[in-house]
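Observations on chain architecture
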Amino acid sequence: NLKPGPGSKPPPQTMPSRPTPFAFSPAECIPFRDQRVLERLRRIRKEQLTRHPNPDFRIRIVPDAEIEFLWLTDMFHRIKTAADAAQPIVMIVPNPWPAYRRLAYLLNTFRVDCRRLHTFNMDEYANERGEIAPETWDLGFLHAFKKYFYAELDRKLRPPARQIQGPTNRNLRDNGKMISDLGGADICYSGPGWTGHLAFIEPDAPEFALSLDAWRQCGPRICTLSPFTIAQNSLHGSFGLSGDLAAVPPKAATIGPAQVIEARHRIDIHAITLAGSMTSWHRFTTRLVLHGPVTPRIPESILQTLRTDVWVSESIAQDIEPRPDRGY
């Protein structure tokens, strides 16, 4: 009779004496899947993050609160220096957000003549038919850039409106030439997406499925957004911070690797956390793009071969360690 007698206690539950390994391969949908490389990247400690064999690829860890200050100060310095020298300046600029108002405030305060400033938004959303979002769409990047930057500039200091460009249905084919005709960009500001994308140059987009040499020469085009990018952007304030996947357009117009490579200098910023918490997909992606192999499967990795200043926030530089006590 195996039934416990009256008053008997169930046998105590025991935990395994030590953890056991469990082998698996990354999901097929993940763009970069070399497990040996991935494991090496996970082990990169904060103090190792700034070391790189290319001396022109300069990685710096800065306090979280200083990232925005450094970025806006750099933009202000470049615009004012060019204005003082009566020289044009060409900038490839990233996803606009309200901080651009602070740049406009500085330029207004110091009466900086911006009439020789040329800006090119690096990307813009598009629909499933490849139609680029118009400037009038209130969630679009060009709309936001003009709202938060251009409209905030004193009218006497503004450049002509034709010098504030983003990808459109009319100019996409000539967008790269427009930058080249100005002598190329003086500076390209960027930051990696969850997939390691550069602008919206996705590692798993069929429009960029090329050899490294051919990929490096790619210009602007419409591309299919990665499901990971759609998930990432569904957490953005523009789409309600709520994971609404269907709110994010499925495609985008983007500059190509050629425009980034052609730029005279690049600044890459790694500082995204979820609403200021320690949770961030950037922490691993940073290690992937800064210390992984140079390949179209990791688009931002091309920066490793170029003169680039990289600013990594303290939060993103933290070591990657399991935290099962935290959950989400």
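Scroll up to find the structure.
As a starting point, this report considers the structure included with it. Since this is a predicted model, take the numbers as computed values, not measurements.

Observations concerning the overall build of the protein
The number of helices and strands found in the protein is 10 helices and 10 strands. By principal-axis analysis of the C-alpha atoms, the protein measures approximately 95 × 40 × 40 Å. Per-residue burial for the protein yields a buried fraction of 47% across its 328 residues. Surface accessibility of the protein: about 17500 Å² in total, with carbon and sulfur atoms responsible for 55%.

Here we look at the sheet that holds strand β8 (residues 251–254)
Spatially, three strands are ordered β4-β8-β7 in an open sheet, and the strand pairing comes out antiparallel. With partners counted over all chains shown, the strands left at the sheet margins are β4 (123–126) and β7 (221–224), one partner each. This sheet shows a mean twist of 30 degrees between the axes of neighbouring strands, independent of strand direction. Where β4 lies against β8, four bridges are found, and the strand directions are antiparallel. Of the residues in β8, the one forming a bridge with Asp 123 is Thr 254.

Some thoughts on the sheet that holds strand β3 (residues 117–121)
With parallel pairing, the seven strands of this open sheet are ordered in space as β1-β10-β9-β6-β2-β3-β5. Two strands bound the open sheet, and with one partner strand each, they are β1 (57–62) and β5 (164–165). In this sheet, strand β9 (residues 266–270) lies alongside strand β6 (residues 187–190) in parallel orientation, the contact comprising three bridges. Looking at β9, one finds that Tyr 189 is bridged to Ile 267.

Comments concerning helix α1 (residues 35–42)
Of the positions making up α1, those classed as buried are Val 37, Leu 38 and Leu 41. What you see down the axis of α1 is that its buried residues fit within an arc of 100 degrees, all on one side. For α1, the N-terminal cap is Asp 34; the gap from its side-chain oxygen to the backbone nitrogen of Arg 36 is 3.1 Å.

Some remarks on the environment of Gln 163
Following the sequence through the fold, Gln 163 ends up in the loop between α4 (141–148) and β5. As for Gln 163 and His 118, which are separated by 45 residues in sequence, their C-alpha atoms are 4.8 Å apart. Non-local contacts of Gln 163, meaning those with residues more than four positions away in its chain, are made with Arg 115, Arg 116, Leu 117, His 118 and Thr 119. At 3.1 Å, the side chain of Gln 163 forms a polar contact with the backbone oxygen of Arg 115.

A few points about the environment of Ala 82
Relative to the elements of secondary structure, Ala 82 occurs in helix α2 (residues 67–84). Residues Ala 82 and Asp 113 lie 31 residues apart in sequence; the distance between their C-alpha atoms is 9.4 Å. Setting aside chain neighbours within four positions, we find Ala 82 in contact with Gln 87, Pro 88 and Ile 89.

Some remarks on unusual backbone geometry
Positioned with a positive phi, Ala 86 is a non-glycine residue whose angle comes to about 55 degrees. With respect to the element layout, Ala 86 can be found in the loop between α2 and β2 (89–93). Overall, Ala 86 belongs to the partly exposed group, its relative accessible area being 43%.

A closer look at α2
If you check α2, its first and last C-alpha atoms are 26 Å apart, about what 18 residues at 1.5 Å a residue would give, namely 26 Å. Taken residue by residue, α2 has Ile 67, Leu 70, Trp 71, Leu 72, Asp 74, Met 75, Phe 76, Ile 79, Ala 82 and Ala 83 as its buried positions. Following α2 by one or two positions, Ala 86 adopts a phi angle in the positive range, close to 55 degrees.

Remarks on the nonpolar core
With 37 residues, the main nonpolar core has Ile 92, Phe 208, Leu 290 and Val 312 as its most contacted residues. Secondary-structure elements contributing two or more residues to this core are α1, β1, β2, α9 (282–291), β10 (308–313) and α10 (314–317). Beyond its immediate sequence surroundings of up to four residues, Ile 92 is in contact with Phe 120, Met 122, Ile 179, Ala 185, Ile 187, Cys 188, Tyr 189, Ile 255 and Gln 259. One finds Leu 72, Tyr 100, Ile 187 and Tyr 189 within the second-largest nonpolar core, a separate group that totals 34 residues.

Regarding the packing of α1 against α9
Running from N to C, α1 and α9 point in directions that differ by 115 degrees, and their axes come no closer than 9 Å. Relative to α9, the element α1 lies roughly perpendicular. The crossing of α1 and α9 is right-handed. Packed against α1, whose contacting residues are Leu 38, Arg 40, Leu 41 and Arg 42, the element α9 presents Phe 284, Arg 287, Leu 288 and His 291 at the interface. Its residues placed into classes, the contact of α1 with α9 shows four nonpolar, one polar and three charged.

Observations regarding the packing of aromatic side chains
Enumeration according to the criterion identifies 13 aromatic pairs in this entry. Both rings, one in Trp 71 and one in Tyr 100, keep their centres 5.2 Å apart while their planes meet at 70 degrees; by these two values the pair is edge-to-face. Pair noted here: Trp 71 is in helix α2 and Tyr 100 is in helix α3 (residues 100–109), with a separation of 29 residues, a long-range link. In this structure, Trp 71 and Tyr 100 share a single accessibility class: buried. Seen in terms of ring centroids, Tyr 125 and Phe 141 are 5.0 Å apart; in terms of plane orientation they differ by 50 degrees. Their pairing is tilted. Linking Tyr 125 in strand β4 with Phe 141 in helix α4, this pair joins segments that are 16 residues apart in sequence.

Cut-offs applied
- Residues numbered from 1 in each chain as written.
- Predicted model: local features only at pLDDT ≥ 70, side-chain atom pairs only at ≥ 80, totals over all residues.
- Heavy atoms only, no water.
- Helix = DSSP H or I, 4+ residues; strand = E, 2+ residues; numbered from the N terminus.
- Buried < 20%, exposed > 50% of the residue type's maximum accessible area, 1.4 Å probe, protein only.
- Areas by Shrake-Rupley, 256 points an atom, 1.4 Å probe, with all protein chains shown as cover.
- Pairing = 2+ DSSP bridges.
- Axes fitted to C-alpha atoms, helices over the stretch in contact; angles between N-to-C directions.
- Arc of directions from axis to C-beta.
- Polar contact = N/O pair within 3.5 Å; in protein donor to acceptor, adjacent residues only side chain to side chain.
- Contact = heavy atoms within 4.5 Å.
- Expected span 1.5 Å × (residues − 1).
- Core = buried A, V, L, I, M, F, W, Y, C linked by side-chain atoms within 4.5 Å.
- Parallel < 35°, antiparallel > 145°, perpendicular 65-115°, else oblique.
- Left-handed = near helix turned anticlockwise from the far one by under 90°.
- Nonpolar A, V, L, I, M, F, W, Y, C, P; charged D, E, K, R; others polar.
- Phe/Tyr/Trp six-rings, centres within 6.5 Å; stacked < 30°, edge-to-face > 60°.

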